[in-house]
Amino acid sequence: MNDLDLVRGLYDDDPPPPTRQAMAQARAQMLDQTRTVRRRPLRAWRLPLGLVAATMVAFVVAGMALIDHDPAAPQKPAEANKGADPAPQALTPRGMMLAAASQAEQQPQGRYWFTHQRTGLPLLALGRTGGYVVEERIDTFQWTGRTRGDGQAFYGRDLAGKPQTDADVKAWRDAGSPRSWQVRSSGVTRTLSTTSGTWDADQNKSSGGAFNIPGVGSFTYAELQNLPAEPEKLRKLLCEGRVRLTPEVAGQLRRGGVTAARKRCDGASGVLDKVFFALSSTPVPPKVRAGLMRLLTDYPGVRRLGAVTDPLGRPGVALAASYESRDGRGTLQRDLIFDQRTGQVLGSRDILQERGPDSQSWQVPGRVVHYWLIVDSGWTDTKPTLPG
């Protein structure tokens, strides 16, 4: 799929030749398009970097939901324990999520919003010293000023690859601990290194003040403050109507006689995806963040997993929905993980539940086949600097 195909996927009719802004918006809309195409390698900043921020939505999404009935009654976190660490072992999975939502309502805000994100894609190492699974990892870092004129920046880098599991680490060491691997995905063979690359900067400058929720639309800071906090109103915002475009893109569409695509949420996993992108890609205010978490906590087809550990080893609480992969890999479970103490989203991961006809030999039930983590995010009153 090339950039023009992505732009066509955003609109109902055939569009005029795309601008960089239109292509960036189209890549955000890949949240929906990837339901019917194979995943592309996430080599985001090898493209013109103005397209990058939304490219990270291109992991496989949504399908069939797995319903879990939780008989536990809701439990309120004790008001007397404000400021103390919650005790996850004393709460039901539903109680854990509601406690995390309450913490999300208390998060401060500032002048600049930043997010440091990481994706991991496990692939089979090829060749004489291969036969085990290694992770292709990509880091991105972006910040956006709260108001127009405060600026915006986006950066990306290849993070050092690594064997995925303890068994893969042993196989790698038995092979002589090679410093690079040949891997293949989406029909392309390439090299992964055990050394991280340097940060590359997006040269497409922006004045800031605009925040995009992939598959939903673009909002100013003031508009984000006015989003609803009630779960049902949030569901309609995420899943109904048409994608809200920036004034520049909307103007181009009007001149070309085309319109933005309709929003879509395919089952419970589709709603879970939209909530993830709202929480990870934009600084929705605390009341909206809490409302989104409450929407998922009681959404039909979303399972409450309780306490989990994310791929970085951080403790959290999780919600999950299952879907059928369109590329033949089988049934996957998508987990959305939160820090119960702060209410911040920690990330998302896909775990293979049942093999499909096109599963590779190493793709076995229980294997994490993709993750997307929020390493750090939040507000600051000083201009953010790159992580080390």
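These figures come from a predicted structure and were not determined experimentally. Each chain carries its own residue numbering, running from 1 in the direction its sequence is written. pLDDT decides what is reported in this predicted model: residues at 70 or higher carry local features, side-chain atom pairs at 80 or more are listed and counted, and totals for whole chains, interfaces and linings draw on all residues regardless. The side-chain figures draw on all heavy atoms in the structure; neither hydrogens nor water molecules are used.

Draft legend 1. Summary view of the sheet that holds strand β1 (residues 112-124). As summarised here, the arrangement of the nine strands in space is β6-β3-β2-β1-β13-β12-β11-β10-β9, forming an open sheet in which the pairing is antiparallel. Each edge of the sheet is formed by a strand with only one pairing partner; in this case those strands are β6 (200-201) and β9 (303-309). As judged from the eight bridges shared by strand β10 (residues 315-324) and strand β11 (residues 330-338), these two strands associate in the antiparallel manner. Bridge pairing in β11 links V317 to F338. Note on contacts: a residue pair qualifies if any of its non-hydrogen atoms lie within 4.5 Å across the two residues. Fitting a line to C-alpha atoms yields each axis, with helices limited to the stretch in contact; the angle taken between N-to-C directions then spans 0 to 180 degrees. Under the scheme used here, helices are H or I runs from DSSP no shorter than 4 residues and strands are E runs no shorter than 2 residues, and both carry numbers assigned from the N terminus. Strands β1, β10, β11, β12 (345-355) and β13 (368-380) of the sheet are contacted by helix α9 (residues 267-281), whose axis makes an angle of about 140 degrees with β10. By the convention used here, strands pair only if DSSP detects at least 2 bridges between them.

Draft legend 2. Representation of the nonpolar core within the structure. Throughout, nonpolar core names a set of buried Ala, Val, Leu, Ile, Met, Phe, Trp, Tyr and Cys residues whose side chains join them through atoms within 4.5 Å. Exposure is judged per residue with a 1.4 Å probe applied to protein chains only, and the accessible area is read against the type maximum: over 50% gives exposed, under 20% gives buried, and values in between give partly exposed. Counting 43 residues, the largest nonpolar core has V275, L292 and F338 as the members making the most contacts within it. For this core, the element with the highest residue contribution is α9, accounting for eight residues. Ranked by size, the runner-up nonpolar core spans nine residues in total, among them A125, Y132, W181 and L192.

Draft legend 3. Structural detail: the pattern of salt bridges. For this document, the term salt bridge refers to a Lys or Arg side-chain nitrogen within 4 Å of an Asp or Glu carboxyl oxygen. For the structure shown, the criterion picks out 19 salt bridges. D150 serves as the salt-bridge partner of R111, at 2.8 Å between the closest nitrogen and oxygen. Of the two residues, R111 is situated in the loop between α4 (93-104) and β1 and D150 in the loop between β2 (133-145) and β3 (152-163); the sequence distance between them amounts to 39 residues. The partner of D266 in a salt bridge is R264, and the shortest N-O contact between them spans 2.8 Å. Look at D266 and you get partly exposed, because its relative accessible area is 25%. Assessed through its relative accessible area of 32%, R264 is described here as partly exposed. A cluster of three or more residues bridged by salt bridges with shared partners is formed by R94, D298 and R304.

Draft legend 4. Just the pairing of β1, in detail. The element β1 is extensively covered by neighbouring structure, given that 12 of its 13 residues are classed as buried. Looking at chain direction, β1 and β13 are connected through nine bridges and run antiparallel. Across the sheet, the residue bridging to Y112 is T380, located in β13.

Draft legend 5. Spotlight on the packing of α9 against helix α10 (residues 286-297). The interhelical angle for the contact between α9 and α10, taken along N-to-C directions, is 165 degrees, at an axis separation of 10 Å. By the angle between their directions, the pair α9 and α10 is classed as roughly antiparallel. Like other packed secondary-structure pairs, α9 and α10 cross with a definite hand, here left-handed. Where α9 approaches α10, its residues V271, L272, V275, A278 and L279 are matched on the opposing element by R289, L292, M293, L295 and L296. Under the scheme applied, nonpolar residues are Ala, Val, Leu, Ile, Met, Phe, Trp, Tyr, Cys and Pro; charged residues are Asp, Glu, Lys and Arg; polar residues are all the others, including Gly. A per-class count over the contact of α9 with α10 returns nine nonpolar, no polar and one charged. For this classification, under 35 degrees means roughly parallel, over 145 means roughly antiparallel, 65 to 115 means roughly perpendicular, and everything else is oblique. In this scheme, a crossing is called left-handed if the near helix is turned counterclockwise away from the far one by less than a right angle; it is called right-handed if the turn is clockwise.

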